[in-house]
Every structure is written in C-alpha cells, then in structure tokens.
Amino acid sequence: MKKRIITCIPALLLALIVGLAGCEKDNRTEPKSVLKGRVVFEGQPVGVRSNGVQLEIWQRGYQLFTKIPVHVNQDGTFAASLFDGNYKLVRLRGNGPWTDNTDSIDVELKGSKEIDVPVNPYFVVKNDVYSKGEGKVSATFNVQQVAAGRTLERVNLYIGTTTIVDPNNNVGNAQEVAANLTDLTKPVTLTVNIPAAHASRQYIYARVGVKTSGVGEMLFGMPQKIMLK
C-alpha cells in the first residue's frame, strides 16, 4: 500500500504543475492595442480575394521570435490586436498580385495606429462601371499595366449574393482571356447571366478582377451592389 502511495506522488505533482501552467496561461492579459491599415496603390486601397493575401508582423526581443499572420480583407484593409511595442511589418514574397518588396515597415505601436502598406501591382482595373440588363449584369472597365515583367492572363466579372465576391464566392462569372485583349487603351466590357435561382432577388453584388500570368492572386475592384428590381 505504501509503495502504491509513493508511486502516485509524481503523478499528483505533474497534475499540479500542469494545472498551474494552465492557470498562468488563462490569466494572461489580452492585447489591447490595435494596428489597422490598408494595402494601397497610389494612395487607394487595393482589392484582393477575401483572406487570400497575408502580411506578417514580427517583434524582436522575445525568446520566442514567432510571426503574427495578418489576413487582408477583400477591400485591402487589415487589423490586428497587439501589445504596445516596436514591430516590423513584412510583405510576403509571391503572396499578392504585386511585385515582391522585401523592405519591412517599422511600426511603433502605442494604443492604436493606422498605417498604409504601399504595393506595386502588375495590373490594375480602373473606371469600373456596372449596369443591369434583363437577367444579366455588365461591367465596363479599363485594365492598366503598372509593373513590367509579367503578362496579362485574363479579366473576370463575378456576381454574388453577398459582399464577398471572388473566384471562390460567386454565383456566376464571365471572363475574357488576354489573347482577346490586344489593346489595353480601350475599355473592356463583360456580361454575366444571372442564374435562374437568383433572378428574383432584389439585388446582387458584382466585382471585376484581373489575373496576372504566373501570379496566384487576382487584383479586384471594390464590390458593387446592383439593384435588380
């Protein structure tokens, strides 16, 4: 019996240590400061796929030098709850529809702060105008090449039932491949038919995007609400 009690003591000590560690973790103070920002080109936010593009925030001086991933919203904005301190914000290589930029951005956070993260896209869409027709939605827009080194792959018009509209979230889309877009000084018009299941809706959202060859993520305009009734 005595031997059995002695055998149980290490197990009890281990449970106590684990319990105390759990209490310490549970009692940690949550970060109260907030870093907000926008991914911008020429001072304007850049549209991307929802949760498709990521930034990284790093803080030096701690034993655990772990990155803090920050997902960019489809309207180019982002936000992260952090502790006050000095951080470095990094644009990941090959992660967005823009050229790589290895320069980090120093951020001194005290309370809340808003910053712009400039990027240099390969292609952008401009002057996008949307219209409705009988059972269809059209968009006319311009495509402009900004950075050299990549070629245009295609442009798309997506429609969806929520403000989240992209290749993964849509009820219909139309596209034109680069081979048919020989003169980018001229506007592009795309038309997509509204599926019968959504034809009776009061409204629908539409959004155009441009795909660069060899780049995973597309660049988008901002979603537009199209009234159908």
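Here the structure is a predicted model, which means the values were calculated and not measured.

Caption draft 1: Spotlight on the sheet that holds strand β6 (residues 85-91). An order of β4-β3-β6-β7 is seen for the four strands of this open sheet, with the pairing classed as antiparallel. For this open sheet the edge positions go to β4 (68-72) and β7 (105-109), each flanked by a neighbour on one side alone. Strand-to-strand twist of the sheet, defined as the mean angle between neighbouring strand axes without regard to direction, takes the value 30°. As judged from the five bridges shared by strand β3 (residues 53-58) and β4, these two strands associate in the antiparallel manner. Residue pairing for β4: Leu55 is matched across the bridge by Val70.

Caption draft 2: Layout of the nonpolar core. Ranked by size, the top nonpolar core spans 50 residues in total, and within it Leu89, Val137 and Phe141 carry the most contacts. Among the domains, domain 1 (33-118) and domain 2 (123-227) are the pair contributing at least three residues each to this core. What Leu89 contacts, discounting residues up to four positions off in sequence, is Leu35, Leu55, Glu56, Ile57, Phe78, Ser104, Ile105, Val107, Ile115 and Val117. Counting five residues, the second-largest nonpolar core is a separate cluster that includes Tyr158, Val165, Met218 and Phe220.

Caption draft 3: Geometry of the pattern of salt bridges. With the rule as written, the count across this model stands at eight salt bridges. Among the salt bridges present, the one from Lys110 reaches Glu108, with a minimum N-O distance of 3.6 Å. A salt bridge links Lys211 to Glu153, with the nearest nitrogen and oxygen atoms 3.1 Å apart. Of this pair, Lys211 sits in strand β14 (residues 203-212) while Glu153 sits in strand β11 (residues 152-160), and the two are 58 residues apart along the sequence.

Caption draft 4: Fine view of the confidence of the model for the protein chain. Per-residue confidence for the protein chain gives a mean pLDDT of 89; residues scoring 70 or more make up 86%. Ignoring residues within four places in sequence, the model shows residues 1-25, a span with pLDDT below 50, making zero contacts including any to other chains.

Caption draft 5: Region of the structure containing the environment of Asn73. With respect to the helices and strands, the residue Asn73 is situated in the loop between β4 and β5 (77-82). Along the chain, Asn73 and Val53 lie 20 residues apart, while their C-alpha atoms are 8.0 Å from each other. Apart from the residues within four sequence positions on either side, Asn73 is in contact with Val48 and Phe78.

Caption draft 6: The arrangement of the side chain of Ser33 in detail. Considering the arrangement of structural elements, one finds Ser33 in strand β1 (residues 33-41). For Ser33, a relative accessible area of 5% puts it in the buried group. A polar contact of 2.4 Å, which involves the side chain of Ser33, links it to the side chain of Asp84. Once residues within four sequence positions are removed from consideration, Ser33 is found in contact with Ala80, Ser81, Leu82, Phe83, Asp84, Leu109 and Gly111.

Caption draft 7: Molecular detail of the packing of aromatic side chains. Evaluation of the coordinates by the stated rule reveals two aromatic pairs. One residue, Arg201, lies across the ring of Tyr203, its end atom 5.3 Å from the ring centre. Directly above the ring of Tyr203 sits Lys225, whose terminal nitrogen or CZ lies 4.2 Å from the centroid.

Calculation notes
Residues numbered from 1 in each chain as written. Predicted model: local features only at pLDDT ≥ 70, side-chain atom pairs only at ≥ 80, totals over all residues. Heavy atoms only, no water. Pairing = 2+ DSSP bridges. Helix = DSSP H or I, 4+ residues; strand = E, 2+ residues; numbered from the N terminus. Axes fitted to C-alpha atoms, helices over the stretch in contact; angles between N-to-C directions. Core = buried A, V, L, I, M, F, W, Y, C linked by side-chain atoms within 4.5 Å. Buried < 20%, exposed > 50% of the residue type's maximum accessible area, 1.4 Å probe, protein only. Domains from an automatic or database assignment. Contact = heavy atoms within 4.5 Å. Salt bridge = Lys/Arg side-chain N within 4 Å of Asp/Glu carboxyl O. pLDDT = per-residue confidence, 0-100. Polar contact = N/O pair within 3.5 Å; in protein donor to acceptor, adjacent residues only side chain to side chain. Phe/Tyr/Trp six-rings, centres within 6.5 Å; stacked < 30°, edge-to-face > 60°. Lys NZ or Arg CZ within 6 Å of the ring centre and 35° of its normal.

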